[in-house]
Amino acid sequence: MSIDKDTAAKVAKLARIRVEDDALPALAQEFNDILGFIEQLNEVDVDGIEPMTSVTPMRLKRREDVVTDGGMVDKVLSNAPDAREGFFAVPKVVE
Amino acid sequence: MTELNRLTIAEARDALRKGDVTSAELTEACLTQIEGAGALNAFVHDTSDLAREQARAADARIKAGDAPALCGIPLGIKDLFCTRGVPSQAASAILEGFRPEYESTVTQNLFDAGAVMLGKLNMDEFAMGSSNETSVYGNAVNPWKVDDRQLTPGGSSGGSAAAVAADLCLAATGTDTGGSIRQPAAFTGITGIKPTYGRCSRWGIVAFASSLDQAGPMTKTVRDSAIMLQTMCGHDPKDSTSADIPVPDFEAMLTGDIKGKVIGIPREYRMDGMPAEIEKLWADGTAMLKDAGAEIRDISLPHTKYALPAYYVIAPAEASSNLARYDGVRYGHRARLEQGDGITEMYEKTRAEGFGDEVKRRVMVGTYVLSAGFYDAYYNRARKVRTLIKRDFEQVFDAGVDAILTPATPSAAFGLGDMANADPVQMYLNDVFTVTVNLAGLPGIAVPAGIDAKGLPLGLQLIGRPWEEGDLLNTAYALERAAGFVAKPAKWW
């Protein structure tokens with residue numbers, strides 16, 4: 001199993017991280033180093049083993065489905081790179 | 001009295017209650033040390049005004065006779081914890097300027113008990129690293145130094161470890177996803193415990209890998225870890241994985257009596273090429289526990305070898321999901337956009353500029369192992385292996401083992417920059433003895449136990465049964481007393 005430049009580009013795209021073309025071969029090589037290390041897992045017999053979903057055998061707590069918080073637009077927006085008229089502002093999404 | 005910044009929590013607590021010292025004096029002593037320790041690059045955000053205010057309030061509380069154990073104790077807080085109104089950026093450029101409107105549960109618990117925050121501490125970016133070299137603030141530096149090289153304090157809680165070892169604060173918070181409390185504690189000759197998964201609320205701690213992350217104290221002694229952990233943990237309705245079970249009085253459980261306890265020595269931790277010094281330290285620690293009356297038993301944890309590869313699937317997978325929130329919309333950095341750039345360009349440029357190389361690497365590896373066609377081969381297989389790793393531990397605990405003794409790290413602290421040209425996997429091997437504990441959700445503690453030939457500290461790790469931190473701390477206390485580690489780094493900074 002080997003990751004080529006195109007696969008590296010596809011992964012970067014999926015992760016929404018811009019990677020310049022000339023950086024792709026080195027990135028692909030790093031992926032290969034890491035995935036090569038991970039390949040060891042294929043040696044393990046996992047037949048009939050359940051994948052772990054929770055490390056402690058606990059049932060997640062439930063709560064009333066009610067509003068418990070809110071009414072703090074200023075606080076919610078206080079760290080936004082761009083906020084206007086009580087909203088987060090982003091580049092145009094819909095033509 | 002010793003210099004105030006050198007006190008342990010227990011000593012300071014007793015002196016405060018007796019009226020021999022004030023929190024204001026303790027706090028000033030630490031702030032003076034921090035000011036003179038720029039070369040360590042441990043503290044990265046100054047909160048001295050807040051510290052002085054908290055110290056005044058603590059002194060009033062102590063005078064009024066209402067003083068919990070941590071009241072008036074000056075602490076450092078890892079930058080991963082969100083602290084209200086104070087920069088909290090997980091050592092990442094992508095969170096530059098972020099000042100949370102809320103307080104993490106752990107820091108709130110500490111402040112409710114009257115603790116004083118001296119400042120925020122350096123760390124690896126998003127807690128991803130084992131040497132504190134991925135931080136946007138630059139490297140934190142180990143106060144231990146034996147030649148002209150600067151050494152790593154370990155990571156990811158490198159700033160916390162350096163600050164405690166150099167007596168810049170009485171103790172610090174850390175977090176541990178694969179060894180990030182225990183490895184830096186071992187590299188700097190201090191004590192650090194990662195509690196059972198679910199003991200400390202994760203609410204308000206910047207998430208790396210949610211099924212593995214736990215906060216814990218980094219302290220000068222085992223007793224201090226018991227005191228501080230007590231305050232940090234407890235049930236929190238804001239974290240659905242926070243355990244709703246009582247927290248015992250950990251300090252009261254420190255009797256030092258471990259007669260009849262069964263200590264397991266796992267044969268799989270004896271790695272090929274393990275330095276003789278580490279092997280000797282481990283044998284010495286085993287002998288100390290035996291002399292203290294424990295029964296030593298050879299045990300097997302057959303899936304140990306697969307812990308690191310499983311971790312390097314699971315942790316990046318969770319990170320890729322957790323870090324999706326850094327998109328330049330709600331907080332932190334947003335890239336400057338060109339004419340015609342749309343929202344996708346905004347995401348891609350923002351994340352390319354904001355994340356460092358190691359974080360990008362892990363987010364992309366995580367994206368890959370979760371992507372269509374590879375999910376079963378990598379992610380599900382790793383989760384099955386995780387089940388087996390946990391089962392290994394359950395079987396030895398069911399057979400009567402109370403705690404497991406291992407080395408904390410495969411070496412002493414290495415030089416900053418030494419791993420710059422190694423492939424990423426070489427750095428990952430630092431966590432080989434600690435990562436199993438996160439995958440199994442168990443409590444683990446690193447205790448300083450010796451000095452290598454060059455004069456650098458070495459640590460041993462004890463692993464306990466789930467929810468039995470009190471018993472684990474007591475075994476660690478017995479080991480601490482037997483090892484008698486009192487060395488301190490000579491001041492050069």
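Residues numbered from 1 in each chain as written. Chains lettered and ligands numbered in written order. Predicted model: local features only at pLDDT ≥ 70, side-chain atom pairs only at ≥ 80, totals over all residues.

Q: What exactly am I supposed to notice about the overall build of chain B here?
A: Of the regular secondary structure elements, chain B holds 15 helices and 11 strands. At 21 Å, chain B has a C-alpha radius of gyration in line with the 23 Å of a compact globule built from 493 residues. In terms of overall dimensions, chain B has C-alpha extents of about 70 × 55 × 50 Å along its principal axes. Residues classed as buried in chain B amount to 62% of the 493 residues present. Restricting to contacts in chain B with at least 6 residues of sequence separation, those with at least 24 account for 77%. (Helix = DSSP H or I, 4+ residues; strand = E, 2+ residues; numbered from the N terminus. Rg over C-alpha atoms; globule rule 2.2 N^0.38 Å. Buried ≥ 20, exposed ≤ 12 C-beta atoms within 10 Å, placed from the backbone. Contact = placed C-beta atoms within 7 Å.)

Q: I tried to follow the overall build of chain A on my own but got confused; where do I start?
A: Helix and strand counts for chain A stand at 3 helices and 2 strands. Ordered by position from N to C terminus, the α and β elements of chain A give α-α-α-β-β. Here chain A has a C-alpha radius of gyration of 22 Å; the compact-globule value for 95 residues is 12 Å, and the former is much larger. For chain A, the proportion of its 95 residues judged to be buried stands at 16%.

Q: Just to check I follow, could you spell out the sheet that holds strand β10 (residues 444-451) of chain B for this structure?
A: Strand pairing in a sheet relies on backbone hydrogen bonds, with the paired strands running either antiparallel or parallel. Residues and elements named next belong to chain B. What the 11 strands build is an open sheet, ordered β1-β3-β2-β4-β6-β5-β10-β11-β9-β7-β8; its pairing is mixed. Edge strands, defined here as strands with exactly one partner in the open sheet, are β1 (43-46) and β8 (295-299). Pairs of neighbouring strands in the sheet enclose a mean axial angle of 30 degrees, with direction left out of account. Where helix α5 (residues 158-165) meets the sheet, it contacts β1, β2 (74-78), β3 (116-121), β4 (171-176) and β6 (214-219), and its direction lies at approximately 155 degrees from that of β4. (Pairing = 2+ DSSP bridges. Axes fitted to C-alpha atoms, helices over the stretch in contact; angles between N-to-C directions.)

Q: I'm lost on the interface of chain A and chain B in this one. Help?
A: By a frequent convention, interface size equals the accessible area lost on bringing the separate parts together. At the junction of the two partners, chain A supplies 37 residues and chain B supplies 56 residues. The biggest single contributor to the side of chain A that touches chain B is helix α2 (residues 24-38) of chain A, with 6 residues. When grouped by side-chain class, the residues that make up the side of chain A that touches chain B number 24 nonpolar, 4 polar and 9 charged. (Nonpolar A, V, L, I, M, F, W, Y, C, P; charged D, E, K, R; others polar.)

Q: Help me understand the nonpolar core, please; the structure alone is not making it clear to me.
A: Inside soluble globular proteins, nonpolar side chains tend to come together where they are buried. Residues and elements named next belong to chain B. Leu 75, Ala 163, Cys 169, Ala 310, Val 313 and Leu 462 are the most contacted members of the largest nonpolar core, which totals 169 residues. It is helix α9 (residues 307-322) that provides the largest number of residues to this core, a total of 10 residues. Apart from residues no more than four positions distant in its own chain, Leu 462 is found in contact with Ala 403, Ile 404, Leu 405, Ile 445, Val 447, Leu 472, Thr 475, Ala 476 and Leu 479. (Core = buried A, V, L, I, M, F, W, Y, C linked by C-beta atoms within 7 Å.)

Q: Explain the environment of Glu 28 of chain B to me, please; I cannot follow it from the model alone.
A: Residue and element names in this part refer to chain B. Counting through the fold element by element, Glu 28 comes out in helix α2 (residues 23-35). We classify Glu 28 as partly exposed; it has 18 C-beta atoms within 10 Å. For the pair Glu 28 and Asn 5, spaced 23 residues apart in sequence, the C-alpha to C-alpha distance is 8.8 Å.

Q: Sorry if this is basic, but what is going on with the pairing of strand β9 (residues 403-407) of chain B here?
A: The side chains of a regular strand alternate between both faces of the sheet. Residue and element names in this part refer to chain B. Most of β9 is tucked away, with 5 of its 5 residues classed as buried. The pairing of strand β7 (residues 262-266) with β9 spans 2 bridges and is parallel. Bridge assignment links Ile 263 to a residue of β9, and that residue is Ala 403. Judged from the 5 bridges that link them, β9 and strand β11 (residues 457-464) form a sheet pairing that is antiparallel. Paired with Thr 406 across the bridge in β11 is Gln 461.

Q: In this structure, what is going on with the confidence of the model for chain B? I would like to understand it.
A: Interpretation of this model should avoid reading the predicted coordinates in detail wherever pLDDT is low. Residues with a pLDDT of 70 or more make up 100% of chain B, whose mean pLDDT is 97. ipTM for the predicted complex: 0.96, alongside a pTM of 0.97. (pLDDT = per-residue confidence, 0-100.)

Q: What exactly am I supposed to notice about the packing of α9 of chain B against helix α12 (residues 375-398) of chain B here?
A: Axes are the key here: two packed helices are described by the angle between their axes and the distance separating the axes. All names here are of chain B. Running from N to C, α9 and α12 cross one another at 125 degrees; their axes reach a closest spacing of 9 Å. By the criterion of interaxial angle, the relationship of α9 to α12 is oblique. The two elements α9 and α12 cross, and the hand of that crossing is left-handed. Residue-level contacts link Ala 307, Ala 310, Val 313, Ile 314 and Ala 317 of α9 to Tyr 378, Tyr 379, Ala 382, Arg 383, Val 385, Arg 386 and Ile 389 of α12. Classifying every residue of the contact of α9 with α12 gives 10 nonpolar, no polar and 2 charged. (Parallel < 35°, antiparallel > 145°, perpendicular 65-115°, else oblique. Left-handed = near helix turned anticlockwise from the far one by under 90°.)

Q: Can you walk me through helix α4 (residues 105-112) of chain B in this structure?
A: Since the α-helix turns once every 3.6 residues, residues separated by three or four places project in the same direction. Residue and element names in this part refer to chain B. Most of α4 is tucked away: 6 of the 8 residues are buried. Looking at the buried side of α4, the elements it contacts are β2, β4, β6 and α7 (222-232). At the exit of α4 stands Gly 114, carrying a positive phi of roughly 95 degrees.

Q: Sorry if this is basic, but what is going on with the environment of Ile 245 of chain B here?
A: Residues and elements named next belong to chain B. Its place among the elements puts Ile 245 in the loop between α7 and β7. On the basis of neighbour count, Ile 245 is assigned to the partly exposed category, with 13 C-beta atoms found within 10 Å. For the pair Ile 245 and Gly 198, spaced 47 residues apart in sequence, the C-alpha separation works out to 9.7 Å.

Q: How do you make sense of unusual backbone geometry when you look at a structure like this?
A: The general pattern is negative phi for most residues beyond glycine and trans for most peptide bonds. Residue and element names in this part refer to chain B. Residues Gly 155 and Ser 156 are joined by a peptide bond in cis, for which omega reads 10 degrees. Structurally, Ser 156 is set in the loop between β3 and α5. At Ala 90, a position not held by glycine, the phi torsion is positive, near 50 degrees. With respect to the element layout, Ala 90 can be found in the loop between β2 and α4. Among the residues examined, Ala 90 registers 29 C-beta atoms within 10 Å and is labelled buried. Phi is positive for Phe 126, which is not a glycine, with a value near 55 degrees. Taking the C-beta count within 10 Å as the criterion, Phe 126 has 31 such neighbours and is therefore assigned buried.

Q: What is the right way to look at the pairing of β2 of chain B in this model?
A: All names here are of chain B. Along β2, 5 of the 5 residues are buried, which leaves the element largely enclosed by surrounding structure. Here β2 shows no split at all, with Pro 74, Gly 76 and Lys 78 on one side and Leu 75 and Ile 77 on the other all buried. Relative to β3, β2 is paired through 5 bridges, and the arrangement is parallel. Considered in β3, the bridge of Ile 77 is made with Lys 120. Handedness of the crossover is the feature at issue here: the chain leaves β2, passes through α4, returns alongside β3, and the resulting connection is right-handed. Alignment of β2 against β4, held across 2 bridges, turns out to be parallel. Residue pairing in the sheet places Leu 75 in a bridge with Ala 171 of β4. (Right-handed = clockwise from strand over helix to strand, strands pointing away.)

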